Amino acid sequence: MKKSKPMSSRTRTYILMILPALILFFLFNTVPLITGAFYSLTNYRGYGSYDFVGLRNFADLFQDSRVGKSYLFTFKYALCGTVLINVISLLLALGLNSRIKFKNTLRGMYFLPNILGGLIVGYIFSFIFTYIIPTVAKSIGLDFLSNSILASEKWAWVGVLIVGVWQSVAMNTIIYISGLQTIPTDIYEASAIDGAGKWCTFRKLTLPLLIPFISTNLILSTKNMLMVFDQIMSLTKGGPAQSTESISYLIYRNGMDGGQFGFQSANAVVFFVVIVTISVIQLAITNKKEEQL
């Protein structure tokens, strides 16, 4: 019988390094996922006893108007946020990658929002929207801004969107800058010799070569926008009149405080499937674009 080779010290070191991360991932990610999927099949209220109800929670989700309203808000927020984040990030990356003075200083400054916590940023902007902007608007005669937009059922989501986009732009810009720096300068020199303008160069050369990075940013920004929670928690708490209630906030609020742990666990399972499906579709589309280049 052939003897198996002894494990090399390099392999042993690799296993010892990766094992703690795998254990932590399993305990804090996989176990809660399995537990949530289990409770989604019950009428568990977060305490006490429970009974198995099968797929009843999932059937009830499609009949709950509050759940439907939260999905509509979340998709609207994610769509607008993803577009704004990627457009602004790409413009910032193009500017910060060009030959400008204080480039490194500006790169550090624009990344500051990403360092701050979502709740901290939300509370700061809540003060700005509630007190500073209305005061300034009244002094210069802008009546439509004299009241906080966070108190408006129609415009509160815009305030949440502004904060979410402002905080998310930094990381996407980093990815776009790294993508721009992988493009050889010879390509731009050749296009300049051929007489191509800046817009033509961007559309025909820069944008196609950035497709892998655009794909990454689209998936990350869409996922983050769909899972919006911190900004809503600190700015509106789902109001006014549940007009800014995202899926994540609804799951937290009614699952933890509303005695709907099992029902909201089913909501979380469906939401997980929705996010994975959207990510797979985005990846398939961008991969197809890469193959066509």
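Just above sits the structure.
Residues numbered from 1 in each chain as written. Predicted model: local features only at pLDDT ≥ 70, side-chain atom pairs only at ≥ 80, totals over all residues. Heavy atoms only, no water.

Peer 1: Can you tell me about a nonpolar patch on the surface, naming the residues and giving the values?
Peer 2: Judged by side-chain polarity, Met7, Tyr14, Ile15, Ile18, Leu19, Leu22, Ile23, Leu24, Phe26, Leu27, Phe28 and Val31 come together as a nonpolar surface patch covering roughly 1100 Å² of accessible area. When you line up the elements, Ile23 lands in helix H1 (residues 9-39). Among the residues examined, Ile23 registers a relative accessible area of 44% and is labelled partly exposed. (Patch = residues over 30% accessible without salt bridge, like charges linked within 9 Å, V, L, I, M, F, W, Y side chains within 5 Å. Areas by Shrake-Rupley, 256 points an atom, 1.4 Å probe, with all protein chains shown as cover. Salt bridge = Lys/Arg side-chain N within 4 Å of Asp/Glu carboxyl O. Helix = DSSP H or I, 4+ residues; strand = E, 2+ residues; numbered from the N terminus. Buried < 20%, exposed > 50% of the residue type's maximum accessible area, 1.4 Å probe, protein only.)

Peer 1: Explain the side chain of Ser221 residue by residue, including any values.
Peer 2: Turning to its location among the elements, Ser221 is positioned in helix H10 (residues 211-226). Classification of Ser221 by relative accessible area gives buried; the value is 2%. Excluding residues within four positions of it along the chain, Ser221 makes contact with Thr82, Ile85, Asn86 and Asn172. (Contact = heavy atoms within 4.5 Å.)

Peer 1: Now, about unusual backbone geometry: what can you tell me, with residues and values included?
Peer 2: A cis amide bond links Gly239 to the next residue, Pro240, at an omega of -5°. Tracing the chain through its elements places Pro240 in the loop between helix H11 (230-235) and helix H12 (247-257). A positive phi angle, close to 55°, is found at Lys237, a residue other than glycine. Along the chain, the position of Lys237 falls in the loop between H11 and H12. Phi is positive for Ala241, close to 55°, though the residue is something other than glycine.

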